[in-house]
Amino acid sequence: MRYAAALLLFALTLGAQAPAGWTVLFDGKNLDNWDRTGNANWRVVDGVIEADMPRGFLLTRESYDDFELRAEIWATPESNGGVLFRITNPKDPG
């Protein structure tokens, strides 16, 4: 079974270069590799992904069997942010 990775209410930054055979999910410029759900108001600001509204997910457009994820995450203490893996129902990731 293939799964999508979801990102919930946090900033993510990855380098634009990837070794052969790897996929860059975020290049610091756009959200082209992501589908958005909810009302989180996802956007790219100064090379990071951010949202200023609650209740939203970013889901990879492609599904991956095996993967390694590198991310720098900053979330405010009052946020409910995190990383979800192996989402089986992208229409209801939470």
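The structure under discussion appears in the preceding block.
To start, this report covers the structure provided alongside it. (Residues numbered from 1 in each chain as written. Predicted model: local features only at pLDDT ≥ 70, side-chain atom pairs only at ≥ 80, totals over all residues. Heavy atoms only, no water.)

## Let's talk about the environment of P90
Where we set the bar: Secondary structure elements are taken from DSSP: a helix is a run of H or I of four residues or more, a strand is a run of E of two residues or more, and numbering for both begins at the N terminus. Only protein chains enter the accessibility calculation, which uses a 1.4 Å probe; a residue whose area is less than 20% of its type maximum is buried, one above 50% is exposed, and one in between is partly exposed.
Residue position: P90 is located in the segment after β6 (82-87). Judged by relative accessible area, which is 42%, P90 ranks as partly exposed. The sequence separation of P90 and L58 amounts to 32 residues, and the corresponding C-alpha distance is 9.8 Å.

## Description of the pairing of strand β5 (residues 56-60)
Consecutive residues of a regular strand have side chains that alternate between opposite faces of the sheet. Here is the rule we go by: One bridge is not enough; two strands pair if DSSP finds at least two bridges between them.
The buried fraction of β5 is high, at 5 of 5 residues. Side-chain alternation along β5 places G56, L58 and T60 on one buried face and F57 and L59 on a second face that is also buried. In terms of strand pairing, strand β2 (residues 34-38) meets β5 through 5 bridges, oriented antiparallel. Counterpart to G38 in the pairing with β5 is G56.

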